[in-house]
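# Close look at the chain arrangement
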Amino acid sequence: MATEKMMEKISLEEYRARTGLLDTEAQFELAWEYFRGRGVPKDLHMAIALLRQLEQKLPELARYNIAKMKCLVDDPSFAEDIRADCDAGYGPALYLVGVSSKKKGTQIGASEAIRYFQAGSQSGHLPSKMLLWRVSKLGFWRRLASAPAYLLLVFRSIKLASRNRNDVRVLI
C-alpha cells in the first residue's frame, strides 16, 4: 500500500514536471487528477484552469474535457462550453450533449439524444454509433440482425481506444 502511494506521488510529481514543459498529455492527466482528487486535493477550478491552458493547442479536446467535468458535477453550463464544437460537428461534443439529453428521462430528451447521436455517428464517432443503436426503437428481429455489426463496432472502439484514448473517434 505504501509503495502504491509512493508511485502515485512520483507519478504526480512527474506530471507536474511535465506540465511545466508543456506536455499536453501530462496536463490532461493532471487536470483529471485534480478533478478526481487523486494524489492532490479535489479542485474543479484548478482542473478547468489546466484545461483552459490547453485550449490554444487542442481547443476541441480541452473544451470537451471541461464540459465533461462540468457535466459530471451536474453543472448545466457545460453545454455552452461545447456549443460551437457541436455546431461544427465534433463527435465527442455531440455525444456528451446526447448523453445529457438522454439523462432527462423524458420523451423530448430521448428524441433529442437520438438527434445528437445521429450527428455524432455521421462525424465518425463510434460511441455515438453504439448509443444510437442502443436507444433506437428497433424491433426484436432488426436488433438481432444488426447485433453482429454492433459487436464489431464495440471491438473496433476498444482497439482504437487502446492505441490512443484521446482519439476523437472513441472519446467518451
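Residues numbered from 1 in each chain as written. Predicted model: local features only at pLDDT ≥ 70, side-chain atom pairs only at ≥ 80, totals over all residues. Heavy atoms only, no water.

Helix and strand content of the protein chain: nine helices and zero strands. Walking the protein chain from its N terminus toward its C terminus, one meets helices and strands in the order α-α-α-α-α-α-α-α-α. A sequence separation of at least 24 residues applies to 44% of the contacts in the protein chain between residues at least 6 apart. For the protein chain, the exposed surface amounts to about 10400 Å²; the carbon and sulfur share of it is 58%. (Helix = DSSP H or I, 4+ residues; strand = E, 2+ residues; numbered from the N terminus. Contact = heavy atoms within 4.5 Å. Areas by Shrake-Rupley, 256 points an atom, 1.4 Å probe, with all protein chains shown as cover.)

Direction vectors running N to C along helix α7 (residues 107-122) and helix α8 (residues 126-135) enclose 140°, while the axes themselves pass 8 Å from each other. The element α7 and its partner α8 pack so that their crossing is left-handed. Contact residues: α7 offers I114, F117, Q118, G120 and S121, while α8 offers S128, K129, L131, L132 and V135. Classifying every residue of the contact of α7 with α8 gives five nonpolar, four polar and one charged. (Axes fitted to C-alpha atoms, helices over the stretch in contact; angles between N-to-C directions. Left-handed = near helix turned anticlockwise from the far one by under 90°. Nonpolar A, V, L, I, M, F, W, Y, C, P; charged D, E, K, R; others polar.)

A few words now on the pattern of salt bridges. Once their charged atoms are close, side chains differing in charge can pair, the charge on each being opposite to the other. Evaluated as defined, the whole model comprises eight salt bridges. Among the ionic pairs, E112 bridges to K104, the shortest N-O distance being 3.5 Å. One connected set of salt bridges, linked through shared partners, spans R52, E55, R63, K70, D81 and D85. (Salt bridge = Lys/Arg side-chain N within 4 Å of Asp/Glu carboxyl O.)

A separate point is unusual backbone geometry. One non-glycine residue with positive phi stands out, namely D74, at about 60°. As for its position among the elements, D74 is in the loop between α4 (59-72) and α5 (78-87). Taking the relative accessible area as the measure of exposure, D74 reaches 66% and is therefore exposed. (Buried < 20%, exposed > 50% of the residue type's maximum accessible area, 1.4 Å probe, protein only.)

On to the packing of α8 against helix α9 (residues 140-163). Packing of α8 against α9 brings their axes to within 10 Å, and their N-to-C directions diverge by 155°. Of the possible angle classes, the one that applies to α8 and α9 is roughly antiparallel. Crossing angle aside, the handedness with which α8 passes α9 is left-handed. Counting all contacts with α8, which are made through L126, K129, M130, W133 and R134, the residues of α9 involved are R143, S146, A147, Y150, L153, V154, R156, S157 and L160. The residue makeup of the contact of α8 with α9, split by class, is eight nonpolar, two polar and four charged. (Parallel < 35°, antiparallel > 145°, perpendicular 65-115°, else oblique.)

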